[in-house]
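# Commentary on secondary and tertiary structure
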There are 2 protein chains.
Amino acid sequence: MKKLTALSLATVLTAGPALADEGMWTFDAFPAARMKASYGWAPDQAWLDTVRAAAVRLTGGCSASFVSTEGLILTNHHCIAQCAADLSSKDKDYLADGFVAADRAREMKCPGQQAEVVTAISDVTPRVTAAIKGLGGEALTKARDAAIAGIEAAGCTDKATTRCQVVTLFGGGQYKLYTYRKYSDVRLVWAPEFAAAFFGGDPDNFNFPRYNLDASFLRAYENGKPVATPRHLTWNPRGPVAGEATFVVGNPGRTQRLLTLDQQEFQREVLLPLQTTLLSEFRGRLIAAGMDDAERKREAADTLFGIENSYKVYWGQARALDDNAFAKRLADNEALLKAKAGRKFGDPWADIAKADVDYRNIALDYYFLEQRAGMFSGLYGYARALVRAAAEREKPNAARLPGYTDSQLPLLEKQLTDATPTYPWLEKMALSFWLSKTREYLTADAPQVKALLGRDSPEALAKRLVDGTKLADPKVRERLFAGGMAAIRASDDPLIRFVLKNDAAARAVRQQYAQKVDAPVTAAQAKLAQARFAAFGAANYPDATFTLRISYGKVMGWNERGRPVPFETTVAGLYERATGQEPFVIAKGYAAAKSQLDLSVPFDFVTTNDIIGGNSGSPVIAKDGSVIGAAFDGNIHSLGGNFGYDPSLNRTVVVSTAAVQQALEKVYPAPALVRELAAR
Amino acid sequence: MKKLTALSLATVLTAGPALADEGMWTFDAFPAARMKASYGWAPDQAWLDTVRAAAVRLTGGCSASFVSTEGLILTNHHCIAQCAADLSSKDKDYLADGFVAADRAREMKCPGQQAEVVTAISDVTPRVTAAIKGLGGEALTKARDAAIAGIEAAGCTDKATTRCQVVTLFGGGQYKLYTYRKYSDVRLVWAPEFAAAFFGGDPDNFNFPRYNLDASFLRAYENGKPVATPRHLTWNPRGPVAGEATFVVGNPGRTQRLLTLDQQEFQREVLLPLQTTLLSEFRGRLIAAGMDDAERKREAADTLFGIENSYKVYWGQARALDDNAFAKRLADNEALLKAKAGRKFGDPWADIAKADVDYRNIALDYYFLEQRAGMFSGLYGYARALVRAAAEREKPNAARLPGYTDSQLPLLEKQLTDATPTYPWLEKMALSFWLSKTREYLTADAPQVKALLGRDSPEALAKRLVDGTKLADPKVRERLFAGGMAAIRASDDPLIRFVLKNDAAARAVRQQYAQKVDAPVTAAQAKLAQARFAAFGAANYPDATFTLRISYGKVMGWNERGRPVPFETTVAGLYERATGQEPFVIAKGYAAAKSQLDLSVPFDFVTTNDIIGGNSGSPVIAKDGSVIGAAFDGNIHSLGGNFGYDPSLNRTVVVSTAAVQQALEKVYPAPALVRELAAR
């Protein structure tokens, strides 16, 4: 459950009064009374404060938590897979073989990774709404972005250790400033074998029962030393108890639970079919490339995992919208809100419908030329970011594109300059794929396509750009970033020149989008938020925004077409499910340790907590505040959770601390880590 | 525009009274009065008879026509591409380089190809409806299939030269016996280079303007000699005239113009997303396999073409159903018919809706285990056909599965025993794809998936089956076919054994489909047909069934988002559009001949004729009965033609005889052919 590919649709308000266990609540609005009514108990402020202080966000798109006083971080294996791959070479494959740091000195820095802990949340709604009052069209989005940039810049003057982020909640109903303590030196401590973490592979992903040790440990460093983290979760290596209350604390990436029906139709008819077919084709290319070539297979593994994961997410979302009962519930929600609101807030549904017509007209241009330009090519991503960062930094902070303001530049710089491997064959495949799909969807006759390709084929152009560019070298990127626009203009790097040449066209379609879609939708959503507050009061939670949330629920299975699915699996099941063939091969560690293991130890389990992609790695916390697992997946029904939560079906899938403890002791032994986790 | 992959949805009645130029008419019901009213002229019976006698159906899924007295057949290049590939080797690539037979002795037999000409059409409706009267469920489909098998067996006693086929029209409103003269020795005479036939490749496919010499010549042989074809079309190598009347005579494969709204929803929500994602992923695999391997690229080219073509067809269909205006027209049609019919014919819409619920429950099982079992694997197709043919031939003719009755066995035997190359790597890729997708969609926990895979992975099983089978050898297939069930049971061929082992499960889901879907839908559609006849009379045409139809229309461009698209292109445009990079490379022949060519010669043109996949190769005929082109494509709007015809947008794309004549004279010179075509 990686954070979903961020689409630029603004977040929107949640649909109706929350159902049992529904909700991704902000820490400043935890529904204690509501929980107490269902569970006879709810956490107090001290409990919430402790948990919040231990909650970690990973900038790669995951969640995590501190679990020792020395900066030790629990997260999922799939959240460190990119790091393990980046640190690997032909001779040493940490992704496949796992990694146990023999001592602290051998903990290895993850490129591009940053850990962040929320230290303050403050309401800046009046300042933003004052800035956009009475505005429309592009003036609105510009004023909003400028206000946000200003607030963020003023909020975090110490850029080395803090990060400020204004979060838009309730589709513009609230703006909040989140302040983070950040740690930009994050090191890999312990990782199991890929085959143990991802047993069952794509076929089992989003299915349950599962048998996955999808857990790993990182450590936050500062000035070369482990960070002191006195406020952390207590490690509790026990199995789950049926019906016990559980909390998931993490950063759900994005939900779209109050898209209007028009916006849902857009998802269903335009974006979801586009995404699923594009991901399917590139998935096919990656699989075939690795079929007779073990090295390429390894090099593409993490990209392929991400693509298969996203594909399934979008596929599940599409099937949810195609489900009549599910769709009817969403339609009923809209009808209810419309009936309650009357004309008091204008007709925001009609405003959005109008903007959607415009969106349909520019959707493909916006998608291929701006929003997803370069697609899976990391080198293109570098080039685009370098060119834009140079151009934007010449403007005042308030006038820059989102992503390039002063508060955002430090992370961008880190991501641009950290060393990560690039694979030329994969870059060529990715770049030529983007170019060929752009031509396919916009047609060979479109002027923008002619401008991109000239007389080249997608394949020939991709080859020329990848063979010619020096951007795989972090030193080159560092120099270009530092050199600003002068360095960019002077560069003869073909990829830089390619991006420069086409940037005006990309910005033009971005501007069209801002004016015709983002601005009217933002204005309409603010009205919808007002209608919603008026109708249902504050008993609601905002859509997910990859910021810290807490969800409460309980350990519980569900009924799958009349058949009960038990709430947990045991280690014994792993050996029963194995076939000896990928992806059902028992990891070497588990094969070797079998005779020493207690096979009745709980492995994975499910809870009713309401989560979504981005929650991967979230601690699953018991009533006493101890951690009993890490969320790593949802069941297949949870994918519809993007649009709505169904308490009878949606389930969070968790790797149990009991299974991790067993692995730390007997499968991938790490005695120092066992001691550190046990320390009180 | 290959014939679409045949889905088992029965054909249904057309929607409302036909619009201007709409209609794929049967030859026994040409709407002469209607055409005369629009065009001031219509063909008489003699005209129709001559044209019908010259019309050829190719069993590979295409249409064609006789254009000389000596069995010469005009069709599309993409209709002979498989043949050209099959006849090629590492040393000689007829697909890429083209082929000109220096003399008749060097014309080369196309494996698996058969040409068929309709000689009689008779109405057998009373016999079939009498056989199914009062029946329902599986009894209905069995009785219907038995009646059809009996009629076909009685109709064609000379199996060497005739073929009988009962065609279900108007969803069961009519059953007609088509008798064909068949020619099972069809040879390749002339083919241009692939780069000339398919210039613009997939990006230009279903787009216009186009610059494609998508034409080829075959010749029908019998007893080693060219067949005498005194009734043929006159070759007329002139360009089209704006507004002139044109007829397209050929075999549209399948339309679904009166699916009920429930059935359209099923297409839109279940089948089309499934097809587009599956085709996308396999497309990606094929592209990647050929990326750094020219030999594999060549070997997979025709499969890839078919997949990209089908993908675009399904994509276009999905987008048509997602188009609000288009969907509204279809909904209005249903409402109109419902209003006219009242309850006089029961409620066939509700009957279909009920069957659709059942269909949704078994759709994935049916698709993966039966309907599309083996998917793109030719070897699996052989094994399945051999096993089923053996089992079915032990039953009386009337009790066999469709496809294995006496009237159908000769073509099956030819297709099983003709020599065609197989590529083990491609077979493994295809078979493992099918197995892995079956596991993905049915889940690893499904008993049928466990039965298919055992403890193997899709890749390992595919490797074992393909490496072990001898079915690539036509002699082996011939022996197994001849040996019947005894030979099949005695065979230790792993692919035969694999199919045998899983056939009962596949037949079980087939039976479920027959009982729960096919039977009630057939019964309901017969009622819909009655309702339709009652409401709109006979002024209608049946949905396409890959049988002979005639469509009238005219040479005319269209407006694409306000911009007029001219009705024709010229040879000059080819040179302007070329970039020097695939797929926009000028074919060697055209590059060399440029200075000798009149660049103003018309190349491709569009007409309003109503066609669909299967019409590829159809002669485009002028008022005087002469042939002025071969239909090879539709514009992008024509893909919605599966569900409905839009006269303002749907266009047939045609390669002009003028361009073919120029090529025969100067690009790929064939002087004997020029003389043969000119002979009167």
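All residue numbers here refer to positions counted from 1 along the written sequence of the relevant chain. Going through the entries in the order they are written, you letter the chains from A and number the ligands from 1. Restriction of local features to residues with pLDDT of at least 70 applies here, the model being predicted, together with a cutoff of 80 or more for giving and counting side-chain atom pairs; totals for whole chains, interfaces and linings are based on all residues. Only hydrogens and water are set aside when side-chain values are computed; all heavy atoms of the structure are taken into account.

Chain A is annotated in an unreviewed UniProt entry as Dipeptidyl-peptidase of Sphingomonas endophytica.

### Quick look at the overall build of chain A
What counts, and what does not: Strands here mean DSSP runs of E at least two residues long; helices mean DSSP runs of H or I at least four residues long; both are numbered from the N terminus. Classification of residues uses two cut-offs on accessible area relative to the type maximum, computed with a 1.4 Å probe and protein chains only: under 20% is buried, over 50% is exposed, and between them is partly exposed. By definition, residues are in contact when any of their heavy atoms lie within 4.5 Å. Computed with the Shrake-Rupley method and a 1.4 Å probe, the accessible areas treat only the protein chains shown as cover for residues. When charges are counted, neither His nor the chain ends are considered; positive counts come from Lys and Arg and negative counts from Asp and Glu. Lysine's charge is taken at NZ, arginine's at CZ, aspartate's at CG and glutamate's at CD.
In terms of helices and strands, chain A carries 23 helices and 21 strands. Dimensions of chain A, computed from the C-alpha atoms along their principal axes, are close to 65 × 60 × 50 Å. For chain A, buried positions account for 63% of its 680 residues. Across chain A, the fraction of contacts at a sequence separation of at least 24, relative to all contacts at a separation of at least 6, is 80%. Accessible area for chain A stands at about 23500 Å²; split by element, carbon and sulfur atoms hold 54% of it. Side-chain charges in chain A split into 82 positive and 75 negative, and the spacing between the mean points of these groups amounts to 3 Å.

### Considering helix α5 (residues 125-132) of chain B
Residues and elements named next belong to chain B. What counts is decided by this rule: What the arc describes is the spread of directions from the helix axis to the C-beta atoms.
The complete set of buried residues in α5 reads T125, V128 and I132. Looking down the long axis of α5, one finds its buried residues gathered within 75° of arc, a one-sided arrangement. Turned more than 90 degrees away from the buried face of α5, the exposed residues are P126, R127 and A130. For α5, the secondary structure elements touched by its buried residues are β6 (115-123), α6 (137-155) and β8 (174-183). Trailing α5 by a residue or two, G134 shows a phi angle of about 80°, which is positive.

### Regarding unusual backbone geometry
A cis amide bond, omega 5°, links F208 of chain A with the succeeding residue P209 of chain A. Within the secondary structure, P209 of chain A sits in the loop between α8 (201-204) and β10 (216-222). Backbone geometry places N223 of chain A, a non-glycine residue, at a positive phi of 50°. A residue is classified by how much of its surface remains accessible, and N223 of chain A, at 77% relative accessible area, is exposed. In this structure, F546 of chain B takes a positive phi of about 50° despite not being glycine. Mapping F546 of chain B onto the fold places it in the loop between α19 (494-536) and β14 (549-554).

### Re the packing of helix α6 (residues 137-155) of chain A against helix α19 (residues 494-536) of chain A
Residue and element names in this part refer to chain A. Spelled out, the test is: Fitting a line to C-alpha atoms yields each axis, with helices limited to the stretch in contact; the angle taken between N-to-C directions then spans 0 to 180 degrees. Every angle not falling under 35 degrees, over 145, or within 65 to 115 is termed oblique; those three ranges are roughly parallel, roughly antiparallel and roughly perpendicular.
Contact pair α6 / α19: the axes reach a minimum separation of 8 Å and the direction vectors enclose 80°. By the angle between their directions, the pair α6 and α19 is classed as roughly perpendicular. Where α6 abuts α19, its residues G137, E138, L140, T141 and R144 lie against Q511, A514, Q515, D518, A519, T522 and A523.

### Digging into the side chain of Q662 of chain B
Residue and element names in this part refer to chain B. To be explicit about the condition: Polar contact is defined as a pair of N or O atoms within 3.5 Å, subject to the rule that within protein one atom must be able to donate a hydrogen and the other to accept it, and that residues adjacent in sequence are counted only when both atoms are side-chain atoms.
Within the element layout of this structure, Q662 appears in helix α22 (residues 657-667). There is a polar contact of 3.0 Å between the side chain of Q662 and the backbone oxygen of D598. Residues contacting Q662, with those up to four places away along its chain left out, are V571, L597, D598, V601 and V667.

### A closer look at the state of the cysteines
All names here are of chain A. The following threshold applies: Only a pair of cysteine sulfur atoms within 2.5 Å qualifies as a disulfide here.
For the coordinates displayed, the defined rule picks out six disulfides over all chains. Between the sulfur of C83 and that of C110 lies a disulfide, 2.1 Å long from S to S. Torsion about the S-S bond of the C83 and C110 cystine: about -80°, corresponding to left-handed handedness. Of this pair, C83 sits in helix α3 (residues 81-86) while C110 sits in the loop between β5 (108-109) and β6 (115-123), placing them 27 residues apart in sequence.

### A closer look at the pairing of strand β8 (residues 174-183) of chain A
Residue and element names in this part refer to chain A. Which entries qualify depends on this criterion: At least two DSSP bridges between two strands are needed for those strands to be called paired.
Among the 10 residues in β8, eight count as buried, and that is most of the element. Bridge count for β6 against β8 is eight bridges, and the pairing is antiparallel. Considered in β8, the bridge of I121 is made with Y178. Taken together, the eight bridges between strand β7 (residues 162-169) and β8 define a ladder with antiparallel strand orientation. Each residue of the ladder has a partner; that of V167, found in β8, is K176.

### Considerations on the packing of aromatic side chains
Residue and element names in this part refer to chain A. Put simply, the rule is: Centres within 6.5 Å make a pair out of two Phe, Tyr or Trp rings, where for Trp the six-membered ring is used; the pair is then stacked when the planes are under 30 degrees apart, edge-to-face when over 60, and tilted otherwise.
Under the definition given, this model contains 65 aromatic pairs over all chains. Residues W190 and Y668 carry aromatic rings whose centres are separated by 6.3 Å and whose planes lie at 70° to one another, so their mutual orientation is edge-to-face. Highlighted residues: W190 in strand β9 (residues 185-191) and Y668 in the loop between α22 (657-667) and α23 (671-678), separated in sequence by 478 residues. Assigned by exposure class, W190 and Y668 land together as buried.

### Here we look at the domain arrangement of chain A
All names here are of chain A. Formally: Here the limits of each domain have been adopted from an automatic or database domain assignment. Using a 1.4 Å probe, buried area is obtained as the accessible area two parts lose upon being combined, added over both of them. One speaks of a salt bridge when a side-chain nitrogen belonging to Lys or Arg is within 4 Å of a carboxyl oxygen belonging to Asp or Glu. Think of it as three bins: nonpolar holds Ala, Val, Leu, Ile, Met, Phe, Trp, Tyr, Cys and Pro, charged holds Asp, Glu, Lys and Arg, and polar takes everything else, Gly as well.
What the domain assignment reports for chain A is domain 1 (25-114 + 184-256 + 542-678) and domain 2 (360-519). Centre-to-centre, using C-alpha coordinates, domain 1 lies 35 Å away from domain 2. For the pair domain 1 and domain 2, the two sides together bury roughly 620 Å², of which 55% comes from carbon and sulfur. Here domain 1 is connected to domain 2 by zero salt bridges. Where domain 1 packs against domain 2, one counts three residue pairs in polar contact (both at pLDDT 80 or more). Grouping the amino acids of the side of domain 1 that touches domain 2 by side-chain chemistry returns three nonpolar, five polar and two charged.

### Structural notes on empty space enclosed by the protein
Put simply, the rule reads: Using only the protein atoms, space was sampled on a 1 Å grid; points where a 1.4 Å probe fits but cannot get out form cavities, open sets with protein on both sides within 12 Å along at least five of seven lines form pockets, and lining residues are those with an atom within 4 Å of a point. Grid points are joined across faces, edges and corners, and a volume is the space filled by probe spheres set on the points.
Using the criterion set out here, one finds 16 cavities of 30 Å³ or more in the structure. Taken as a whole, the largest cavity holds about 220 Å³ of empty space. Looking at the largest cavity, it is lined by 19 residues, and the ones nearest its centre are R268 and P273 of chain A together with R268, P273 and R319 of chain B. Within the residue set of the lining of the largest cavity, elements represented by two or more residues are α9 (261-291) and α10 (294-322) of chain A together with α9 (261-291) and α10 (294-322) of chain B.

### Describing the interface of chain A and chain B
Contact with chain A, which involves 46 residues of that partner, is made by 45 residues of chain B. Roughly 3800 Å² is buried in total at the junction of chain A and chain B, and carbon and sulfur atoms are behind 48% of that figure. Sorting the residues of chain A by area buried against chain B places E269, E440 and R455 of chain A first, and these three jointly supply 14% of that buried surface. For the pair chain A and chain B, the interface holds 10 salt bridges. Taking the shortest distance from any N to any O, the salt bridge between E281 of chain A and R283 of chain B comes out at 3.5 Å. Scanning the region where chain A abuts chain B turns up 14 residue pairs in polar contact (both at pLDDT 80 or more). The greatest single-element share of the side of chain A that touches chain B, amounting to 16 residues, is contributed by α9 of chain A. Split into classes, the residues belonging to the side of chain A that touches chain B amount to 16 nonpolar, nine polar and 21 charged.

### Some thoughts on the nonpolar core
One recurring pattern in soluble globular proteins: nonpolar side chains tend to sit buried together. Counted only if it meets this: What is meant by a nonpolar core is a set of buried Ala, Val, Leu, Ile, Met, Phe, Trp, Tyr and Cys residues, joined one to another through side-chain atoms within 4.5 Å.
Membership of the largest hydrophobic core comes to 165 residues, with the highest contact counts inside it found for W434 and L471 of chain A together with W434 and L471 of chain B. With residues up to four places along the chain from it excluded, the contact list for W434 of chain B reads F368, R372, A373, G374, M375, Y380, L452 and F498 of chain B. Within the second largest apolar cluster, 84 residues are counted, among which are M24, F170, I612 and A622 of chain A.

### Let's talk about α10 of chain A
Residue and element names in this part refer to chain A. Threshold: Multiplying 1.5 Å by the helix residue count minus one yields the expected span of that helix.
For α10, built from 29 residues, the straight-helix expectation of 42 Å at 1.5 Å per residue is met to within 8% by its first-to-last C-alpha distance of 39 Å. Counting buried residues along α10, 22 of its 29 residues qualify, which places the element largely inside the surrounding structure. The backbone nitrogen of E295 lies 3.2 Å from a side-chain oxygen of the residue at the head of α10, namely D293.

### Points about the pattern of salt bridges
Residue and element names in this part refer to chain A. Per the counting criterion, the structure on display carries 103 salt bridges over all chains. Between D351 and K527 there is a salt bridge; the shortest N-O distance is 3.3 Å. With D351 in helix α12 (residues 348-371) and K527 in helix α19, this residue pair connects regions lying 176 residues apart in the sequence. Residue classification places D351 among the partly exposed residues on the basis of a relative accessible area of 31%.

### Brief notes about the relation of the copies chain A and chain B
For clarity, the threshold we go by: Each copy is superposed on the other by least squares, with the fit set by C-alpha atoms of residues at a pLDDT of at least 70 in both.
Screw-axis analysis of chain A against chain B gives a translation of 0.0 Å along the axis, an RMSD of 0.0 Å, and a rotation angle of 180°. Here the transformation between the copies is reduced to the relation of a two-fold axis. Both copies present the same face, since 98% of the interface residues in chain A are matched by interface residues at the equivalent positions in chain B.

### Comments concerning the confidence of the model for chain A
All names here are of chain A. Put simply, the test is: Known as pLDDT, the predictor's per-residue confidence is scaled from 0 to 100.
On average, chain A scores 93 in pLDDT, and the residues at 70 or more come to 97%. Here residues 1-16 scores under 50 on pLDDT; set against residues more than four positions off or in separate chains, the count is 81 contacts. As scored by the predictor, the complex reaches a pTM of 0.91 and an ipTM of 0.90.

### Things to note about the side chain of S68 of chain B
Residues and elements named next belong to chain B. Structurally, S68 is set in the loop between β2 (62-66) and β3 (72-75). At 2.9 Å, the side chain of S68 and the backbone nitrogen of E70 are in polar contact. Residues contacting S68, with those up to four places away along its chain left out, are R219, T229, H232 and E676.

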